[in-house]
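# A structural walkthrough
Spelled out from the first residue to the last, the chains are:
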Amino acid sequence: SQKIEQNSEALNIQEGKTATLTCNYTNYSPAYLQWYRQDPGRGPVFLLLIRENEKEKRKERLKVTFDTTLKQSLFHITASQPADSATYLCALDSGGSYIPTFGRGTSLIVHP
Amino acid sequence: EAQVTQNPRYLITVTGKKLTVTCSQNMNHEYMSWYRQDPGLGLRQIYYSMNVEVTDKGDVPEGYKVSRKEKRNFPLILESPSPNQTSLYFCASSYDGFNTGELFFGEGSRLTVL
């Protein structure tokens, strides 16, 4: 069955370091991958979209990579700040299904 | 301000008592969808709609109904709620689906069925 895996353990890092979050998938040929940020009790907020023919996407301190051979996406936050503390969700869609699949999310905690 | 508005934000009800969670967007989006989020399971899509009068099932549609009579509104209906429908519900919209860009999510509706 199709599966998306994000590290269920929280990632703790020091302010100023680069945070790297992983999204692995199996039995899937996604055409699009998105990353969202979710704060406790709030709705997810879109961060980045990357397509299967794109290796890397950047937006300010954020960078996403998409390796369809490894079936993995990495999400990086450089110069992390305590305000970056949240849960980060990845989501995949094979294109045209209109039913994206979301991972369970990884909690990021940035310590001052 | 572009937004997706859900109501109510919190609701406690009893088994079998019909309820409706409303969702409205002000961005003229064609695509709207409903998700439920449960601990350890992530977001799962219940229903989606590509346009007025066009709806289809997501991954977990059992026990839910939706309607899309107007472009801006996409209510979620629980005809006979059961305790296993206790969850956090999110409505989302986008221009024409996941592929072209971001999903805008509402703030969520926390439902408890006793």
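Below or above, wherever it landed, is the structure these notes cover. Residue numbering note: each chain is counted from 1, following its sequence as written. Numbering of ligands from 1 and lettering of chains from A proceed in the order in which they are written. Only residues with pLDDT of at least 70 get local features here, since the model is predicted, and only at 80 or more are side-chain atom pairs given and counted; chain-wide, interface and lining totals rely on the full set of residues. To obtain the side-chain values, all non-hydrogen atoms of the structure were included, while hydrogens and water were left out.

## Concerning a nonpolar patch on the surface
Like-charged residues within 9 Å of one another, or nonpolar side chains (Val, Leu, Ile, Met, Phe, Trp, Tyr) within 5 Å, are grouped into patches, provided each residue has over 30% relative accessible area and no salt bridge. Computed by Shrake-Rupley with a 1.4 Å probe, the accessible areas treat only the displayed protein chains as cover when residues are assessed. Each salt bridge in this description consists of a side-chain nitrogen of Lys or Arg and a carboxyl oxygen of Asp or Glu lying within 4 Å of one another. Taken together, the side chains of I12(B), V14(B) and L114(B) define a hydrophobic patch exposed on the protein surface, amounting to about 320 Å² of accessible area. Per the convention used, a helix needs a DSSP run of H or I reaching at least four residues, while a strand needs a run of E reaching at least two, with both numbered from the N terminus. Mapped onto the elements of the fold, V14(B) is located in the loop between strand 2 (10–13) and strand 3 (19–25).

## Let's talk about the interface of chain B and chain A
Contacts: residue pairs with any heavy atoms within 4.5 Å of one another. Counting from both sides, the interface comprises 26 residues of chain B and, opposite them, 24 residues of chain A. Taking both sides of the interface into account, the surface hidden between chain B and chain A amounts to around 1900 Å²; carbon and sulfur atoms contribute 57%. The interface formed by chain B and chain A contains one salt bridge. Two residues, E107(B) and R42(A), come together in a salt bridge whose shortest N-O distance is 2.5 Å. Between N or O atoms, a polar contact is any pair within 3.5 Å; within protein, one atom must be a potential hydrogen donor and the other a potential acceptor, and residues adjacent in sequence are included only when both atoms are from side chains. At the boundary of chain B with chain A, the tally comes to four residue pairs in polar contact (both at pLDDT 80 or more). Those elements giving two or more residues to the side of chain B that touches chain A turn out to be strand 4 (31–38) and strand 5 (42–51) of chain B. Tallied by class, the residues present in the side of chain B that touches chain A amount to ten nonpolar, ten polar and six charged. In this description, buried area is defined as the sum, over both parts, of the accessible area (probe of 1.4 Å) that is lost when the two are combined. Only Asp, Glu, Lys and Arg are considered charged, only Ala, Val, Leu, Ile, Met, Phe, Trp, Tyr, Cys and Pro nonpolar, and every remaining residue, Gly among them, polar.

## Let's talk about the pattern of salt bridges
Tallied over the full model, the rule gives nine salt bridges over all chains. With its nearest N and O atoms 3.1 Å apart, the salt bridge here joins D39(A) to R37(A).

## Concerning the packing of aromatic side chains
Classification of ring pairs uses Phe, Tyr and Trp, with its six-membered ring standing for Trp, and accepts pairs whose centres are within 6.5 Å; under 30 degrees between planes counts as stacked, over 60 as edge-to-face, and the remaining range as tilted. Overall, the coordinates contain twelve aromatic pairs over all chains when judged by the stated rule. Taking 6.3 Å as the distance between ring centres and 65° as the angle between the ring planes, the aromatic pair formed by Y25(A) and F66(A) counts as edge-to-face. Of this pair, Y25(A) sits in strand 3 (residues 19–26) while F66(A) sits in strand 7 (residues 62–67), and the two are 41 residues apart along the sequence. The two residues Y25(A) and F66(A) agree in class, both being buried. Summarising the aromatic geometry, the rings of W35(A) and F75(A) are spaced 4.9 Å apart at their centres and angled 20° between planes, so their arrangement reads as stacked. Note that W35(A) is positioned in strand 4 (residues 32–38) and F75(A) in strand 8 (residues 72–77), a separation of 40 residues in sequence. Relative accessible area serves as the criterion here: at 0%, W35(A) is assigned to the buried category. What links up through ring pairs into an aromatic cluster is the set Y36(A), F46(A), F102(A), Y35(B), F90(B) and F105(B). In our convention, an over-ring charge means Lys NZ or Arg CZ found within 6 Å of a ring centre and within 35 degrees of that ring's normal. Of note, R68(B) hangs over the ring of F74(B), and the distance from its end group to the ring centre comes to 6.0 Å. In this scheme, a residue with accessible area under 20% of its type's maximum is buried, one over 50% is exposed, and one in between is partly exposed, where area comes from a 1.4 Å probe on protein chains only.

## A closer look at the layout of surface pockets
The calculated volume of the largest pocket comes to roughly 550 Å³. The definitions used throughout rest on a 1 Å grid laid over the protein atoms alone, on which a cavity is an enclosed set of points accommodating a 1.4 Å probe that cannot get out and a pocket is an open set flanked by protein within 12 Å on both sides along at least five of seven lines; lining residues are those having an atom within 4 Å of a point. Lining the largest pocket are 22 residues, with Q2(A), K3(A), I4(A), T101(A) and F102(A) positioned closest to its centre. Of all elements in the fold, only strand 1 (3–6) and strand 10 (101–102) of chain A together with strand 5 of chain B reach the threshold of two or more residues within the lining of the largest pocket. Examining the composition of the lining of the largest pocket, we find that four residues originate from one element, strand 1 of chain A, more than from any other. Grid points are joined across faces, edges and corners, and a volume is the space filled by probe spheres set on the points. Each pocket or cavity is described by its volume, and for the second largest pocket that value is around 400 Å³. Secondary-structure elements contributing two or more residues to the lining of the second largest pocket are strand 9 (86–93) and strand 11 (106–111) of chain A together with strand 4 and strand 9 (87–94) of chain B. Looking at the lining of the second largest pocket residue by residue, the class counts come to five nonpolar, 13 polar and five charged.

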